[in-house]
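Working through the structure, step by step
As a plain string of letters, each chain reads:
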Amino acid sequence: MASTTSPTTHTPGGPGLPTRSPLVGWLAVVSVMLGIFSIVTTEILPIGLLTTIGSSFTVSDGVAGLMMTMPGFLAAFSAPVVTAATARVDRRLMLCAFMVLLAVANFLAAAAPDYWLVLVSRVLVGIVIGGFWSIGAGLAERLVAPAAVGRATAVIFSAVPLGSVLGVPAGTYIGEVAGWRTAFVVMGVLTTGTVIMLLLFVPALPANQVTRLSVLRGMLRTAGTRFALLLTFLVVLAHFGAYTYVTPFLEQVTGLGATRITVFLLIYGAAGIVGNFVGGAAVGRRPRTVFGLAAGLIAAATLLLPVLGHGSIGAVALLIVWGVAYGAVPVCSQTWFTKAAPDAPEAASVLFTASFQATISSGALVGGLVVDHGSPSTVMVLGGISAAVMVVALAAHGARHPSRPSV
């Protein structure tokens, strides 16, 4: 068990890194990862339970879809506001507080007698996403030695594909067997366990720098941060604008049934885990190359799906490429923001979280409009174009600044 009273020294590994064993540092990393896993799973859990929840409250699928749209926009708003409001509070305490709030949100959803209370729980989820991600995404350098920061960051971000591969299918299965309320109860219990792990293994983390809104405004005036925002917007818009509607594509174009679609998406998620660790291991050394390759592969996969995705082999092959590519995107984006503002890592995480979450919701909405007025193939092509524009922008940036990978 980690001691929370260990003396804090400015040892290698980041300011305020406690003197303690490497094993405990990695247990702290895993604790943060489980926190993000709980958040990701809770955020997207309604995808598999949307129809069931909607029918239990007698609301349409569109109204039930508010459970997915609301958290992203709220997270984009809460990331800067909540982080700035709690800037002087110990970051370990804030991580635990956000996890407690997430547990409350899950238990509230499980017990809600009316749909509006479910939406209230989703508001709480949005606040947690913005706050926890903003603090936790950039903590690796304060938990492990400098040489292990890249691997630790990849472990933290592995929660994103793990939430898709393990969390959502498991939650959906529990919902089918024991009811959707039970799925939220299980998530509440998991989140409570994560609070205990954070208390045991994460050391006291006093705020090194106060993240004021003025700091964030100052960062937005720098070219490096604005370019990081542009890259993140283009690639996340491409991914979520297309991936949100991959199931209709597999149904209507590839001609798959529900069981095979589930298998294909599990394969996609497993590929995402591989991409996360491969990208995490390489992005610290070659951020421009890794980010550009990830976006290029997303562009290739989505542009080729309408052509090669009519058969199962072509579809699954392109989904694997897509999964590996997108698995590297979150860690690439976070790294780019951090390199653009090396003296303000938490502020960089705030902007990363806000931009990522806002674009997730925007991508889903834009993709929905395209699907309603076009087809699943059209949304794939437009997603590919957006990712290709990101590659062009990155290449142009590299031509102008060959010796500066992130500014």
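Residues numbered from 1 in each chain as written. Predicted model: local features only at pLDDT ≥ 70, side-chain atom pairs only at ≥ 80, totals over all residues. Heavy atoms only, no water.

1. Points about the overall build of the chain
A count of helices and strands for the chain gives 18 helices and zero strands. Burial status across the chain gives 54% buried among its 407 residues. Pairs at least 24 residues apart make up 84% of the contacts formed inside the chain by residues separated by at least 6 positions. Of the roughly 15900 Å² of accessible surface on the chain, a fraction of 72% belongs to carbon and sulfur atoms. (Helix = DSSP H or I, 4+ residues; strand = E, 2+ residues; numbered from the N terminus. Buried < 20%, exposed > 50% of the residue type's maximum accessible area, 1.4 Å probe, protein only. Contact = heavy atoms within 4.5 Å. Areas by Shrake-Rupley, 256 points an atom, 1.4 Å probe, with all protein chains shown as cover.)

2. Observations concerning the packing of helix H1 (residues 22-44) against helix H6 (residues 115-136)
For the pair H1 and H6, the least separation of the axes is 10 Å and the interaxial angle reads 150 degrees. Classified by the angle between their axes, H1 and H6 sit roughly antiparallel to one another. For the element pair H1 and H6, the recorded crossing hand is left-handed. Contacts between H1 and H6 involve Val32, Gly35, Ile36, Ile39, Val40, Thr42 and Glu43 from the first element and Arg122, Val125, Val128, Ile129, Phe132, Trp133 and Gly136 from the second. In the contact of H1 with H6, the residues fall into nine nonpolar, three polar and two charged. (Axes fitted to C-alpha atoms, helices over the stretch in contact; angles between N-to-C directions. Parallel < 35°, antiparallel > 145°, perpendicular 65-115°, else oblique. Left-handed = near helix turned anticlockwise from the far one by under 90°. Nonpolar A, V, L, I, M, F, W, Y, C, P; charged D, E, K, R; others polar.)

3. Observations regarding the environment of Ile261
Within the element layout of this structure, Ile261 appears in helix H14 (residues 258-283). By relative accessible area, Ile261 is classed as buried at 5%. C-alpha separation for the pair Ile261 and Pro248, spaced 13 residues apart in sequence, amounts to 9.8 Å. Not counting residues within four places of it along the chain, the set of residues in contact with Ile261 comprises Thr247, Leu250, Glu251 and Leu256.

4. What to know about the side chain of Ser377
Following the sequence through the fold, Ser377 ends up in helix H18 (residues 376-400). We classify Ser377 as buried; its relative accessible area is 19%.

5. Quick notes on the environment of Leu304
Position of Leu304 among the secondary structure elements: in helix H15 (residues 287-308). The class for Leu304 is partly exposed, based on a relative accessible area of 36%. Linking Leu304 and Gly384, residues 80 residues apart in sequence, is a C-alpha distance of 8.7 Å.

6. Points about a nonpolar patch on the surface
Where nonpolar side chains cluster on the molecular surface, the patch consists of Val263, Ile267, Val274, Val278, Ile320 and Val324 and spans about 430 Å² of accessible area. Those elements that place two or more of their residues in the nonpolar patch are H14 and helix H16 (312-340). Counting residues per element, the nonpolar patch draws most heavily on H14, at four residues. Relative to the helices and strands, Ile267 resides in helix H14. Classification of Ile267 by relative accessible area gives partly exposed; the value is 31%. (Patch = residues over 30% accessible without salt bridge, like charges linked within 9 Å, V, L, I, M, F, W, Y side chains within 5 Å. Salt bridge = Lys/Arg side-chain N within 4 Å of Asp/Glu carboxyl O.)

7. Section: the environment of Phe291
Mapping Phe291 onto the fold places it in helix H15. Among residues more than four places away in sequence, those in contact with Phe291 are Leu231, Val235, Val329, Cys332, Ser333, Trp336, Met390 and Leu394.

8. Thoughts on the packing of aromatic side chains
Here the structure, examined in full by the defined rule, presents nine aromatic pairs. Note on Phe240 and Tyr326: the rings are 5.8 Å apart at their centroids and 90 degrees apart in plane angle, and the pair reads as edge-to-face. A residue pair is termed long-range when its members are at least 10 positions apart, and Phe240 in helix H12 (residues 223-243) and Tyr326 in helix H16 qualify at 86 residues. On the accessibility criterion, Phe240 (17% relative accessible area) is buried. A network of ring pairs unites the aromatic residues Phe57, Tyr115, Trp180 and Phe184 as a single cluster. (Phe/Tyr/Trp six-rings, centres within 6.5 Å; stacked < 30°, edge-to-face > 60°.)

9. Here we look at the nonpolar core
Ranked by internal contacts, the top residues of the largest apolar core, which has 92 residues, are Val32, Phe132, Trp133, Leu250, Phe291 and Trp322. At 13 residues, H16 tops the list of elements feeding residues into this core. Among residues more than four places away in sequence, those in contact with Trp322 are His239, Ala242, Tyr243, Val246, Tyr268, Ile298, Ala301, Thr302, Leu305 and Met380. Core analysis: the next-biggest nonpolar cluster, separate from the first, contains 17 residues, Ala64, Tyr115, Val118 and Leu119 among them. (Core = buried A, V, L, I, M, F, W, Y, C linked by side-chain atoms within 4.5 Å.)

10. What to know about the confidence of the model for the chain
Per-residue confidence for the chain gives a mean pLDDT of 81, with 87% of residues at or over 70. A low-confidence stretch, residues 1-18 (pLDDT under 50), is modelled with 37 contacts involving residues beyond four sequence positions or located in other chains. (pLDDT = per-residue confidence, 0-100.)

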